[in-house]
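# Working through the structure, step by step
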Amino acid sequence: MSAGTPTGWTPPARPDWLAKLNQEGRGMDIASLVPLRAQELLDTAMANTGLSDFGKDEWREPFEILVKAINEEAELNLFGRLMTRSDLLIWLQERLEIEETYRRHPEIEDEIVDAPVFIVGQARSGTSILFELLSQDGQFGVPTNWEIMFPCPPPEAATYRSDPRIAKAQHLLTQWHRVAPSFLAMHELGASIPNECKVAMNCTFVTDNLTGIFQIPSYYQWLTQADLSVPYAYYKRMLKLLQWKNPRSHWLLKSPSHTESLPVLFKVFPDAQVVYTHRDPIKARASVTNLLGTLYWMRSDKPFDAAAFERLLTPEAYAHSLNRVIEQIEDGSIPRSRIHDLLFADLMAQPQETLARLYQQMGLPFSEQARSNVLSYLAEKPQGRFGQHQYSVGERDQIAREREIFARYQHFHHVPDEL
């Protein structure tokens, strides 16, 4: 492991039911019992839906690379294979149903995704809580987890909160908490919680969300060279479908990983506004390590190979990623006037005042109803409601060295130290 990589993560204990199930699986040929073969998955998805058109072939290469990497590198246990097969079929069937809906209703293409607001930033920098707070404002529309998982038939306004797909999605999503109870303290999942863009892009098979679920270095290497306009364009296609019968004034969207592809984001969504959250990178980076380890542990007994993810885990590579955004701002690759900085520390200390400043920067009204909704949401979901997310940040000398590495980022965005 590279110098400076956090090393304090250890696997949490598995729930008894899961430990026993996976133990039984060790005596079985689980690869045959729960097959993850590309063509068989395609055939099953087509048989389940009665459809055969997956749309443009841009998804096929990444799909095949992903499945191969999962089989050869991820070392899934029995329940991990069951979860993964379920996911892959959901994503394939989602594509089939989206393409069929567009075929039957080509007018969906005429829908306009008007001035969406994207929340971006380091993982663990407050993007999720900001997303949830802004979603309390009726002028925004958010894609919820259930409609991203099961978008067809397109959700309708009259049944949006009572659709039977909500219960199905709720069971599958909260399964993550049952598999790894400690995950709930890091990230709450649920059918009606806003969905992240990179998760919605799973059905394109071109997204770093997949490298946060599986330890698959070969897919990760392929992804670094991939054409990211493909998943962004397909995501826009999904948003048009979702707003067709349930209109949204302005989409409110979020994913930390957008910081890696802001020029592409603005190319596909030229009238977008971006809220860029900032947090002490030393604190945020240690938290990412713990999150990734837990996510991998859900499906595999393979030790967490932190060295395979140096882009996220070494301070030098992490700082390079943060500084690249600064360079894009300075050279005009991305429009500075459409990027609005927000400090994690401010949001935690003074959420209502911080949001008011943000609305002013975006030129949007912050109504009394929206303010009231935000306060009610905060009262119902205090920090630490599901337990404290504990993680190590390293020794004092290491922190001092990293502070120098992250100096440009912290100075440019006025990010305070948390340590």
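In this report, the structure presented in the accompanying data block is examined. The model shown is predicted, which means the values in this text are computed figures rather than measured ones. Counting restarts for each chain, with residues numbered from 1 along the sequence as it is written. Given that this is a predicted model, residues contribute local features only at a pLDDT of at least 70 and side-chain atom pairs are listed and counted only at 80 or more, while totals for whole chains, interfaces and linings are drawn from all residues. Heavy atoms throughout the structure, all of them, feed into the side-chain values; hydrogens and water do not.

## Looking at helix α11 (residues 229-244)
Under the DSSP-based scheme used, a helix requires at least four consecutive residues in state H or I and a strand at least two consecutive residues in state E, with every element numbered from the N terminus. A helix's residues, less one, multiplied by 1.5 Å, set its expected span. Over its 16 residues, α11 extends 23 Å from the first C-alpha to the last, a length consistent with the 22 Å expected when each residue adds 1.5 Å. The element α11 is largely enclosed, with a buried count of 14 among its 16 residues. A simple rule labels every residue: compare its accessible area, found with a 1.4 Å probe on the protein chains alone, to the largest value its type can have, and call it buried under 20%, exposed over 50%, or partly exposed in between.

## Focus on the layout of surface pockets
Considered as a void within the structure, the second largest pocket measures approximately 700 Å³ in volume. Definitions used for this entry: grid spacing 1 Å over protein atoms alone; cavity, a set of points where a 1.4 Å probe fits but cannot get out; pocket, an open set with protein on both sides within 12 Å along at least 5 of 7 lines; lining residue, one with an atom within 4 Å of a point. In terms of lining, the second largest pocket is formed by 29 residues, of which the most central are Ser-135, Val-142, Thr-144, Arg-161 and Ser-192. Within the residue set of the lining of the second largest pocket, elements represented by two or more residues are β2 (140-141), α8 (165-179) and α18 (368-380). Its residues placed into classes, the lining of the second largest pocket shows 11 nonpolar, 10 polar and 8 charged. Grid points are joined across faces, edges and corners, and a volume is the space filled by probe spheres set on the points. The classification used treats Ala, Val, Leu, Ile, Met, Phe, Trp, Tyr, Cys and Pro as nonpolar, Asp, Glu, Lys and Arg as charged, and all other residues, Gly among them, as polar.

## Brief notes about the environment of Trp-251
With respect to the element layout, Trp-251 can be found in strand β3 (residues 250-254). What makes Trp-251 buried here is its relative accessible area of 1%. Separated by 108 residues in sequence, Trp-251 and Pro-143 have C-alpha atoms that sit 7.9 Å apart. The contact criterion used throughout is that any non-hydrogen atoms of two residues lie within 4.5 Å. Here Trp-251 is in contact with Val-113, Pro-116, Val-117, Gly-141, Val-142, Pro-143, Leu-239, Leu-242 and Gln-243, once residues within four sequence places are set aside.

## Examining the packing of aromatic side chains
For Phe, Tyr and Trp, rings pair up if their centres lie within 6.5 Å, where Trp contributes its six-membered ring, and each pair is then called stacked (planes under 30 degrees apart), edge-to-face (over 60) or tilted (otherwise). Enumeration according to the criterion identifies 14 aromatic pairs in this entry. Their ring planes at 15 degrees and their centres at 4.3 Å tell us that Tyr-359 and Phe-366 sit as a pair that is stacked. The exposure class assigned to Tyr-359 is buried, which follows from its relative accessible area of 2%. The positively charged end of Arg-237 is found above the aromatic ring belonging to Tyr-102, 3.8 Å away from the centroid. By the criterion adopted, a ring carries a charge over it if an Arg CZ or a Lys NZ lies within 6 Å of its centre and within 35 degrees of its normal. The cationic tip of Arg-279 hangs over the ring face of Phe-344; the distance from NZ or CZ to the ring centre is 4.2 Å.

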